[in-house]
Amino acid sequence: VQLQASGGGLVQAGGSLKLSCEASGSIFSVHSVGWYRQAPGEQRELVADISSGGITDYADSVKGRFTISRDNAKNTVYLQMNSLKPDDTAVYYCNAKTPSYGGSWSHYWGRGTEVTVFS
């Protein structure tokens, strides 16, 4: 599975951005796609994910502000980010999770896209 993320940029606090993650390759095996972020000096954290069945999950810090969605025809997952805060500043990564042997999971990562929110 190959992932191509895009849509990051510089935005003022309160503004919006929409990230895109386009998947290619063995996408039929993908169980879920998620967005993670990593701020300088911090660990990478899950922001939101969406399963192949459309079930979504969000970090508490983004609930009500971010929306994850998918367009199966375009093999693309989106992250609509509204009411952005400086704390949302990070590099955002797209991740695809597929089932692997023995009940484990394989993870595929796209290159990050940088989001900077200034006050």
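Keep in mind that what you see is a predicted model, and the values were worked out from it rather than measured.

Draft legend 1. The packing of aromatic side chains, seen in detail. On inspection of all chains with the given rule, the structure shows two aromatic pairs. Geometrically, the ring pair formed by Tyr36 and Trp109 is edge-to-face, given 5.0 Å between the ring centres and 70 degrees between the ring planes. Here Tyr36 is found in strand 4 (residues 32–38), whereas its partner Trp109 is found in strand 10 (residues 105–109), with 73 residues between them in sequence. Ring centres of Tyr93 and Trp109 lie 6.5 Å apart, and the angle between their planes is 85 degrees; on these two criteria the pair is classed as edge-to-face. Residue Tyr93 is found in strand 9 (residues 90–99), and its partner Trp109 is found in strand 10; the two are separated by 16 residues along the sequence. By the ring-pair criterion, three or more aromatic residues cluster together here, those being Tyr36, Tyr93 and Trp109. Over the ring of Tyr93 we find Arg44, and its NZ or CZ is 3.8 Å from the ring centre. A cation over a ring is seen here: Lys97 above Trp105, with NZ or CZ 4.6 Å from the ring centre.

Draft legend 2. Just the nonpolar core, in detail. Counting 29 residues, the largest nonpolar core has Trp35, Val47, Phe66, Ile68, Leu79, Met81 and Tyr92 as the members making the most contacts within it. Mapped onto this core, the elements with two or more residues apiece are strand 1 (2–6), strand 3 (17–24), strand 4, strand 5 (45–51), strand 7 (66–71), strand 8 (76–81), strand 9 and strand 11 (113–118). Beyond its immediate sequence surroundings of up to four residues, Leu79 is in contact with Leu17, Lys18, Leu19, Trp35, Val47, Ala48, Phe66, Thr67, Ile68 and Tyr92.

Draft legend 3. Structural view of the environment of Ala73. Position of Ala73 among the secondary structure elements: in the loop between strand 7 and strand 8. Its relative accessible area of 76% is what places Ala73 among the exposed residues. Counting along the chain gives 42 residues from Ala73 to Val115, while the straight-line C-alpha distance between them is 26 Å.

Draft legend 4. Molecular detail of the state of the cysteines. Applying the stated criterion across every chain, the model contains one disulfide. With its sulfur 1.8 Å from that of its partner, Cys21 forms a disulfide with Cys94. Every disulfide takes its handedness from the sign of the S-S torsion; for Cys21 and Cys94 that torsion is -80 degrees, giving left-handed. Here Cys21, found in strand 3, pairs with Cys94, found in strand 9; they are 73 residues apart in sequence, far enough to count as distant. Assigned by exposure class, Cys21 and Cys94 land together as buried.

Rules behind the numbers
- Residues numbered from 1 in each chain as written.
- Predicted model: local features only at pLDDT ≥ 70, side-chain atom pairs only at ≥ 80, totals over all residues.
- Heavy atoms only, no water.
- Phe/Tyr/Trp six-rings, centres within 6.5 Å; stacked < 30°, edge-to-face > 60°.
- Helix = DSSP H or I, 4+ residues; strand = E, 2+ residues; numbered from the N terminus.
- Lys NZ or Arg CZ within 6 Å of the ring centre and 35° of its normal.
- Core = buried A, V, L, I, M, F, W, Y, C linked by side-chain atoms within 4.5 Å.
- Buried < 20%, exposed > 50% of the residue type's maximum accessible area, 1.4 Å probe, protein only.
- Contact = heavy atoms within 4.5 Å.
- Disulfide = S-S within 2.5 Å.

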